[in-house]
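Analysis of the macromolecular model
Spelled out, the chains give:
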There are 2 protein chains.
Amino acid sequence: MVAAGSLVAMPVATPLEPTDEQIALVTFNDDGLVPAIVQEEGTGKVLMMAWMNEESLRRTFAEGRTVFWSRSRQELWRKGDTSGDRQFVREAYYDCDGDTLLFVVEQEGNGACHTGNYSCFFRAFGPEESTSSDVREA
Amino acid sequence: MVAAGSLVAMPVATPLEPTDEQIALVTFNDDGLVPAIVQEEGTGKVLMMAWMNEESLRRTFAEGRTVFWSRSRQELWRKGDTSGDRQFVREAYYDCDGDTLLFVVEQEGNGACHTGNYSCFFRAFGPEESTSSDVREA
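Description of the structure in this document. (Residues numbered from 1 in each chain as written. Chains lettered and ligands numbered in written order. Predicted model: local features only at pLDDT ≥ 70, side-chain atom pairs only at ≥ 80, totals over all residues. Heavy atoms only, no water.)

1. Digging into the overall build of chain A
Along the backbone of chain A there are two helices and seven strands. Looking at chain A as a whole, 51% of its 138 residues are labelled buried. Considering only contacts in chain A between residues 6 or more positions apart, those separated by 24 or more positions represent 46%. Of the roughly 6600 Å² of accessible surface on chain A, 49% is carried by carbon and sulfur atoms. (Helix = DSSP H or I, 4+ residues; strand = E, 2+ residues; numbered from the N terminus. Buried < 20%, exposed > 50% of the residue type's maximum accessible area, 1.4 Å probe, protein only. Contact = heavy atoms within 4.5 Å. Areas by Shrake-Rupley, 256 points an atom, 1.4 Å probe, with all protein chains shown as cover.)

2. Quick notes on the pattern of salt bridges
Where charged atoms from two side chains of opposite charge approach closely, those side chains can pair. According to the stated counting rule, one finds 18 salt bridges over all chains in the structure shown. In this structure, A:Glu106 engages A:Arg90 in a salt bridge whose closest nitrogen and oxygen atoms are separated by 2.7 Å. With A:Glu106 in strand 6 (residues 101–107) and A:Arg90 in strand 5 (residues 87–94), the pair connects residues that are 16 residues apart, well separated along the chain. In this structure A:Glu106 comes out as partly exposed when scored by relative accessible area, which is 30%. For the salt bridge of B:Glu108 with B:Arg86, the shortest nitrogen-to-oxygen distance reads 2.7 Å. Within this pair, whereas B:Glu108 is found in the loop between strand 6 (101–107) and strand 7 (123–124), its partner B:Arg86 is found in the loop between strand 4 (75–78) and strand 5 (87–94), the two being separated by 22 residues in sequence. For B:Glu108, a relative accessible area of 13% gives the class buried. For B:Arg86, a relative accessible area of 25% corresponds to the partly exposed category. Taken together, the salt bridges that share partners define one network made up of A:Arg59, A:Glu63, A:Arg65, A:Arg78 and A:Asp81. (Salt bridge = Lys/Arg side-chain N within 4 Å of Asp/Glu carboxyl O.)

Okay, here's the thing in structure tokens:
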């Protein structure tokens with residue numbers, strides 16, 4: 001007999017296999033970091049932007065989950081290890097200059113923001129009444 | 001009599017009116033810059049990421065078009081003045097830390113990338129066959 005709870009599909013981490021040529025096209029800044037935009041699969045919602053060094057980028061690919069470099073804590077930061085709200089990478093892109101990355105993820109749980117908002121971009125510029133409690137979907 | 005060509009709706013620039021409190025929450029880095037993600041209205045496509053200083057941010061709000069700071073040329077860069085492919089700002093957000101911005105725009109013409117691709121994120125990490133000529137829509 002199967003308990004109802006076990007019927008909930010759990011996200012599966014799928015490693016990505018970039019080529020060496022692709023990784024060589026990534027340009028890290030003077031601090032060895034590259035900005036990584038995280039977008040939700042399906043909704044297109046932009047969830048957050050954080051930074052990766054080369055090790056966190058390689059771990060992101062190897063584990064199929066986003067791993068960042070925390071500039072404030074100066075340590076690797078695997079998204080969701082503390083909050084439980086993991087990000088499973090489904091697609092990853094590098095831009096024309098190779099100096100910005102875009103990860104399309106399956107976001108687990110309560111979202112990406114430590115404030116409890118689903119997206120970190122939950123505040124709009126403009127008259128106060130236009131600020132929603134959550135960013136618009138695309 | 002109206003010529004057919006004049007029936008094509010041209011995008012209209014609509015200035016945004018952020019409050020002083022909102023602008024004060026934007027954190028610029030040591031170089032006086034903040035990263036600005038640009039997302040297309042409607043499709044949710046992430047088009048590009050570029051940098052703004054305070055002057056370019058204020059001009060973006062005042063003109064209703066994206067204005068960036070070119071780090072390579074060290075000058076203000078109003079998107080589309082050279083290419084003709086302007087970005088009309090429809091919504092703008094600041095993130096939980098105030099150190100990243102998100103602009104939702106109406107993208108004109110051939111897109112955002114100087115390579116001719118609609119989005120700057122036109123190359124996917126992974127086996128070469130998975131790299132599309134244009135990034136997926138959300």
